[in-house]
Each structure stands twice: as structure tokens, then as C-alpha cells.
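# Summary of structural features
Chain by chain, the residues:
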Amino acid sequence: MRPTQHSFDDLYWMRRALDLANKMRGHVWPNPPVGCVIVKDGIVLSEAATHAGGRPHAERKALDQASANAEGATLYVTLEPCCHYGKTPPCTDAIIAAGISTVVCAIRDPDPRVNGEGFRKLREAGINVRIGLCADEAKELMSGFFHRIRYGVPEVILLDASSAPTPPGIDALIVSSPDGLRVITRSGDAIKDLDLSGIEPHRLLARMGELGLTSVAVAKRDQLAATLSPIIRLPYGTSPDTRPITLQSLPEDLEAGAW
């Protein structure tokens with residue numbers, strides 16, 4: 001199969017979509033941060049990212065903004081559009097109904113409910129689908145989501161120092177004290193505590209994964225870090241400004257269409 005050819009304009013708009021998604025990291029769990037840009041004749045019709053709290057999805061927000069003008073346009077999106085009914089209808093249905101002619105997508109969604117089916121539905125509707133542009137950047141940006149889907153637990157980030165209340169781009173901060181455990185996270189733009197009292201340390205990450213968290217941080221000097229380290233097998237030491245250390249590295253086969 002010949003590799004997909006992308007233009008300089010494609011790269012420009014996909015990077016814009018990635019920038020939009022990056023700004024919502026830590027605000028959209030249990031969903032991944034996704035960015036979407038709709039372009040027609042070189043003009044941006046609309047752009048959007050996943051809304052705080054995870055809904056609406058980026059594609060639906062952008063399509064609603066573009067309205068009837070979206071017919072014949074190109075939609076750039078950082079993750080495969082969903083094709084299943086959850087709390088909202090499938091984004092694939094909205095893309096098809098809007099008359100989008102081309103979808104340029106960075107990477108396949110590994111969620112078993114999607115996992116290539118979104119691309120298949122779009123192609124069956126006659127939409128030109130191109131996959132793989134900026135796949136590595138998208139994979140890194142959504143590493144916590146990919147990690148939770150594959151392993152059932154959130155990505156863990158060890159901080160050199162305590163952070164308050166929750167580090168940028170992270171879903172939750174774990175803080176232990178003589179009074180107990182705090183898991184501080186965001187609900188939209190608000191800060192709140194999750195009640196995980198009574199959870200044994202070996203179940204903590206699994207429980208957070210069940211709640212939908214994709215990334216959590218703990219200060220390396222926190223006693224909980226020492227408790228978790230035999231489970232997560234991570235070296236201590238990373239800065240909030242460096243790339244997160246994950247529980248397990250993402251598999252090498254997580255390319256644009258391989259998972």
C-alpha cells in the first residue's frame with residue numbers, strides 16, 4: 001500500500017488541531033483531548049476541542065459552528081471519530097450528514113467500540129479518509145488515554161515537588177497525609193476531591209482507571225509514591241515541565257492504523 005500523501009496545508013491545519021487539543025488536557029477525562037478544524041477552499045470555517053468534562057466532542061462542536069457551510073469541506077481531527085452511541089450520538093453520523101468530503105485524521109482510536117470502525121463508516125459513505133498525519137504527536141498528547149484503554153489504569157507522573165492544586169495537563173493529583181488520601185481533580189473548570197477512602201494501595205490505580213482518569217500525578221517525596229513504586233516499577237524523578245514517565249511505555253505497534 002502506498003503511503004498517504006499530505007500537503008503543507010494539511011500539516012498546518014493538523015498542527016492547529018493538535019494545539020486546540022493540547023489546551024484541554026486534564027479537563028476532559030474520561031474522554032481524550034481531541035482537536036478539530038474544518039477548512040474549505042483554504043478558509044477555516046470552524047475549530048473546536050473536546051469540551052470540559054468530555055462532551056460535546058470536538059467534531060460535533062466544530063460541525064455545529066460550520067453549519068451548512070461544512071458541505072464539501074475537509075475536516076482535520078486528531079483522533080478517529082467515534083461511531084457508537086454513548087451519551088451522545090456518533091460523530092461519524094454527524095460528519096456524514098454534514099456532507100464533509102475529506103477527513104484527515106492523525107491516529108486510530110484504540111477504544112474497542114471504535115478501533116477502525118469510524119474510518120470504515122466514513123469511507124462507506126464516500127468520504128475520502130486519510131490517516132497518519134502527526135500520528136506521533138497525537139499519540140504523545142493522548143498518551144494517558146491510550147494507556148488507560150490498554151492497561152485499565154491511568155498514566156502516572158512523578159513530580160519533583162508538590163503541586164497545587166493539580167498540575168497543568170494532568171487529570172488528578174494524589175496527596176497523602178496523616179488524615180488520609182486526597183485525589184484532587186477537575187470537574188470542568190472546578191476543582192474537587194474524589195472520595196477514594198478505604199481503597200487499598202494495590203487497588204488505587206485500578207479504581208482511578210475505573211473512574212475514567214487517564215493521568216495522575218504524585219510528588220516523589222509523598223509516602224504514597226514509595227508505596228506505589230513496587231507496583232508501577234518507575235524510577236523516581238521527573239519535572240512537571242518534562243515528558244511524563246508512564247506506567248508502561250506505549251506499544252511500538254500503536255501507529256496510525258495499527259491498533
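Heads up: these notes are all about the structure in this document. (Residues numbered from 1 in each chain as written. Predicted model: local features only at pLDDT ≥ 70, side-chain atom pairs only at ≥ 80, totals over all residues. Heavy atoms only, no water.)

### Topic: helix 4 (residues 117-124)
- Buried within helix 4 are the following residues: Gly-118, Phe-119 and Leu-122. Buried residues along helix 4 cover an arc of 100° about the axis, so they all sit on one side.
- Summarising the contacts, the buried residues of helix 4 are in contact with helix 3 (91-98), strand 4 (102-105) and strand 5 (128-131).
- Immediately beyond the C-terminal end of helix 4, within one or two residues, lies Gly-126, with a positive phi of roughly 90°. (Buried < 20%, exposed > 50% of the residue type's maximum accessible area, 1.4 Å probe, protein only. Helix = DSSP H or I, 4+ residues; strand = E, 2+ residues; numbered from the N terminus. Arc of directions from axis to C-beta. Contact = heavy atoms within 4.5 Å.)

### A word on the pairing of strand 6 (residues 155-159)
- When you tally the buried positions in strand 6, you get five out of five residues, the bulk of the element.
- Burial along strand 6 is two-sided: Glu-155, Ile-157 and Leu-159 facing one way and Val-156 and Leu-158 facing the other are all buried.
- Summarising the sheet, strand 6 and strand 10 (residues 215-219) pair through five bridges and their orientation is parallel. The partner of Glu-155 across the bridge, within strand 10, is Ser-215. (Pairing = 2+ DSSP bridges.)

### A short note on the sheet that holds strand 1 (residues 35-40)
- The five strands are arranged 2-1-3-4-5 in an open sheet whose pairing can be described as mixed. Of all the strands in the sheet, just strand 2 (43-49) and strand 5 have a single pairing partner and so form its edges. Pairwise comparison of adjacent strand axes, ignoring direction, gives a mean angle of 15° for this sheet.
- As paired elements, strand 1 and strand 2 share six bridges and run antiparallel to each other. Of the residues in strand 2, the one forming a bridge with Val-37 is Glu-47.
- Along the sheet, helix 1 (residues 8-22) contacts strand 1, strand 2, strand 3 (74-77), strand 4 and strand 5; its crossing angle with strand 1, the most-contacted strand, is approximately 145°.
- Running at roughly 140° to strand 2, helix 2 (residues 58-66) makes contact with strand 1, strand 2 and strand 3 of the sheet. (Axes fitted to C-alpha atoms, helices over the stretch in contact; angles between N-to-C directions.)

### Remarks on the nonpolar core
- Of all hydrophobic cores here, the largest spans 46 residues; its most connected members are Ile-38, Leu-63, Leu-75, Ile-100 and Val-103.
- The element best represented in this core is helix 1, accounting for six residues. (Core = buried A, V, L, I, M, F, W, Y, C linked by side-chain atoms within 4.5 Å.)

### Some words on the environment of Ser-176
- Within the secondary structure, Ser-176 sits in strand 7 (residues 172-177).
- In this structure, the C-alpha to C-alpha distance between Ser-176 and Asp-222, residues 46 residues apart in sequence, is 6.7 Å.
- Discounting residues that sit within four places of it in the chain, Ser-176 has contacts with Leu-181, Asp-222, Gln-223 and Leu-224.

### Looking at the pairing of strand 4
- A two-sided burial pattern is seen for strand 4, the buried positions comprising Thr-102 and Val-104 on one face and Val-103 and Cys-105 on the other.
- Bridge count for strand 3 against strand 4 is four bridges, and the pairing is parallel. Within strand 4, the residue paired with Leu-75 across the bridge is Val-103.
- Regarding topology, helix 3 serves as the crossover connection from strand 3 to the parallel strand 4, and that connection is right-handed.
- Judged from the four bridges that link them, strand 4 and strand 5 form a sheet pairing that is parallel. For Val-104, the partnering residue across the bridge sits in strand 5 and is Arg-130. (Right-handed = clockwise from strand over helix to strand, strands pointing away.)

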